[in-house]
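Residue-level structure breakdown
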Amino acid sequence: MLKDAIDYLYREWRNKAAGLVSYGVHGGTRAAEHLRLVLSQVEAADVRSQVSLSLVTDFVGFTEFRPAPAQAKAVGEMLDQVVAWAGALRVLRGR
């Protein structure tokens, strides 16, 4: 479903910056890596930093979201990179 939405909105994703946030038992890292490949095909630039939330350490009882303090730093780093890349790609989007 997410892949269909990305494909459908190809023009909107083109030359945009993307940051990935995933969750799962192992932080959803495999799904995020697959999504990086999908984004590259629609010419979106994903940033290196990624937020990987663990169902074990960032959720209480697998339902209530309570991220570990280190996650705030990870979110900040990722958003800084997204902002920087978005600014750099602005020239390409203006064409």
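In the block above lies the structure referred to throughout.
Conventions and cut-offs
Residues numbered from 1 in each chain as written. Predicted model: local features only at pLDDT ≥ 70, side-chain atom pairs only at ≥ 80, totals over all residues. Heavy atoms only, no water. Helix = DSSP H or I, 4+ residues; strand = E, 2+ residues; numbered from the N terminus. Buried < 20%, exposed > 50% of the residue type's maximum accessible area, 1.4 Å probe, protein only. Contact = heavy atoms within 4.5 Å. Areas by Shrake-Rupley, 256 points an atom, 1.4 Å probe, with all protein chains shown as cover. Lys, Arg positive; Asp, Glu negative; His and termini not counted. Charge placed at Lys NZ, Arg CZ, Asp CG, Glu CD. Core = buried A, V, L, I, M, F, W, Y, C linked by side-chain atoms within 4.5 Å.

**Re the overall build of the chain**
Helices and strands together make up the secondary structure of the chain, namely 4 helices and 4 strands. The principal-axis extents of the C-alpha atoms in the chain amount to approximately 50 × 30 × 20 Å. Every one of the 95 residues in the chain was classed for burial, and the buried ones make up 33%. Relative to all contacts within the chain whose residues are 6 or more apart in sequence, the contacts with residues 24 or more apart total 64%. For the chain, the accessible surface area stands at approximately 6,700 Å², while carbon and sulfur atoms represent 61% of it. Counting 12 positive and 10 negative side-chain charges, the chain places the centres of these two groups 6 Å from one another.

**Here's the deal with unusual backbone geometry**
With the exception of glycine, most residues fall at negative phi, and the peptide bonds are largely trans. At Glu43, a position not held by glycine, the phi torsion is positive, near 65 degrees. Looking at the element boundaries, Glu43 is found in the loop between helix H3 (29–41) and strand E2 (45–54).

**Re the environment of Glu12**
Relative to the helices and strands, Glu12 is located in helix H2 (residues 10–13). Glu12 sits 10 residues away from Leu2 along the chain, and the two C-alpha atoms are 14 Å apart.

**Quick look at the nonpolar core**
Soluble globular proteins: nonpolar side chains tend toward being buried together. Among the nonpolar cores identified, the biggest contains 11 residues, and these are Ala17, Ala45, Val47, Val51, Leu53, Leu55, Phe59, Ala74, Met78, Val82 and Leu89. Within the residue set of this core, elements represented by two or more residues are E2 and helix H4 (69–93). Once residues within four sequence positions are removed from consideration, Val51 is found in contact with Leu20, Val21, Ser22, Gln71, Ala74, Val75 and Met78.

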